[in-house]
Amino acid sequence: TINTLKKAKNDGKLANNIYITCRFIKRVNDEKFVQSVITYTNSQNAISERDLHSNDPVQYNIQTILKKFDILYERKLNEFRDEEKNKPILDAVDAAQAFLCCELKKPHKAKQDKRKLFGTLYDEIFDPAKSDLAYKMFVSYLVLDSVLEKQSERRKKKQATKKQGKIPKFKMEDLVISHGSYHIASKLYKKWFDGKDDMEKSVKSKKLPKSFNTDYKDTVKEISNIIKGEKIERENLPKYFKSNSLF
């Protein structure tokens, strides 16, 4: 409601005679009580689990930390859609999915359990006790996003081959990229950042290591060799990646 009113004012569409229904609840010095009021009040409306958690202290903390690096962390959907376009925007859902995939080493869950990120998986992901949580979320996103971009490029090349009237060939590496990109991202993150306490430098630069392309190819080959060694049939690869973390 507040964001809608702000936008209307900025657009010159806010009337002087509007009325807003309000409910006043006396606040007590109990953070759990405050969060319960927010949750149960909002649950009466058609609102997502993500939005129910948008006012959690950990969400504000992540947003505040990343803002120092000109990174806009969206606690709510499209929170910064009217902001400067030259600043990177990190959606809370994308951040949670990448963190689960990379930092928590659960690529199989990150890929298929997206709906649970702000449900049953929320406390595991957004644990305020985790050190450098905001940094690790952003770096995890950088890794996964870059790997998925590689997957998209490969798919476009195959589609271009089809348009030329040719039948594209699919090697094991192609199938790994198609079905196992979350696993590729998870392994790359482990190689570069596992056990690294200070990730502020990576957040500042907003860049991955220069060895990305080489390490990406090596990781694809590594996973391909694992699959060949376990003698997994091609048609079983989707199921294989859904049930294995490869860690």
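Definitions and limits used
Residues numbered from 1 in each chain as written. Predicted model: local features only at pLDDT ≥ 70, side-chain atom pairs only at ≥ 80, totals over all residues. Heavy atoms only, no water. Buried < 20%, exposed > 50% of the residue type's maximum accessible area, 1.4 Å probe, protein only. Helix = DSSP H or I, 4+ residues; strand = E, 2+ residues; numbered from the N terminus. Phe/Tyr/Trp six-rings, centres within 6.5 Å; stacked < 30°, edge-to-face > 60°. Lys NZ or Arg CZ within 6 Å of the ring centre and 35° of its normal. Patch = residues over 30% accessible without salt bridge, like charges linked within 9 Å, V, L, I, M, F, W, Y side chains within 5 Å. Areas by Shrake-Rupley, 256 points an atom, 1.4 Å probe, with all protein chains shown as cover. Salt bridge = Lys/Arg side-chain N within 4 Å of Asp/Glu carboxyl O. pLDDT = per-residue confidence, 0-100. Contact = heavy atoms within 4.5 Å. Polar contact = N/O pair within 3.5 Å; in protein donor to acceptor, adjacent residues only side chain to side chain.

Further remarks concern unusual backbone geometry. Its identity as a non-glycine residue notwithstanding, Asp70 has a phi of 60 degrees, on the positive side. Since its relative accessible area comes to 43%, Asp70 is described here as partly exposed. Within the chain, Asp132 stands out as a residue other than glycine whose phi angle is a positive 55 degrees. Mapped onto the elements, Asp132 comes out in the loop between α7 (122-125) and α8 (133-163). Note on Asp132: relative accessible area 26%, which makes it partly exposed.

On to the packing of aromatic side chains. One pass over the structure, following the stated rule, counts 9 aromatic pairs. Residues Trp192 and Phe212 carry aromatic rings whose centres are separated by 6.0 Å and whose planes lie at 45 degrees to one another, so their mutual orientation is tilted. Note that Trp192 is positioned in helix α10 (residues 181-193) and Phe212 in helix α12 (residues 212-229), a separation of 20 residues in sequence. Measuring from centroid to centroid gives 5.9 Å for Phe212 and Tyr216, while their planes differ by 35 degrees, and the two rings are tilted. Separated by 4 residues within a single helix, Phe212 and Tyr216 lie in helix α12, roughly one turn from each other. Taken as a pair, Phe212 and Tyr216 share a single burial class, namely buried. Linked through ring pairs, Tyr189, Trp192, Phe193, Phe212 and Tyr216 together constitute an aromatic cluster. Directly above the aromatic system of Tyr216 lies the positively charged group of Lys150, at a separation of 5.5 Å from the ring centroid. When the ring centre of Phe170 is taken as reference, the NZ or CZ atom of Lys158 above it lies at 5.1 Å.

Residues Leu14, Ile18 and Ile20 make up a contiguous nonpolar surface patch of about 240 Å² in total accessible area. Here Ile20 is to be found in the loop between α1 (2-10) and α2 (31-42). Taking the relative accessible area as the measure of exposure, Ile20 reaches 46% and is therefore partly exposed.

Quick look at the confidence of the model for the protein chain now. Taken as a whole, the protein chain shows an average pLDDT of 89; of its residues, 92% reach a score of 70 or greater. Per-residue pLDDT, averaged within each element of the protein chain, yields its smallest value for α2 (62) and its largest for helix α5 (residues 92-101) (98).

On the secondary structure map, His183 appears in helix α10. Note: C-alpha distance between His183 and Ile223 (40 residues apart in sequence) is 8.4 Å. If near-sequence neighbours (up to four positions away) are discounted, His183 is found in contact with Pro107, His108, Ile223, Phe241, Asn244, Ser245 and Leu246. Within polar-contact distance, the side chain of His183 engages the backbone oxygen of Phe241 at 3.2 Å.

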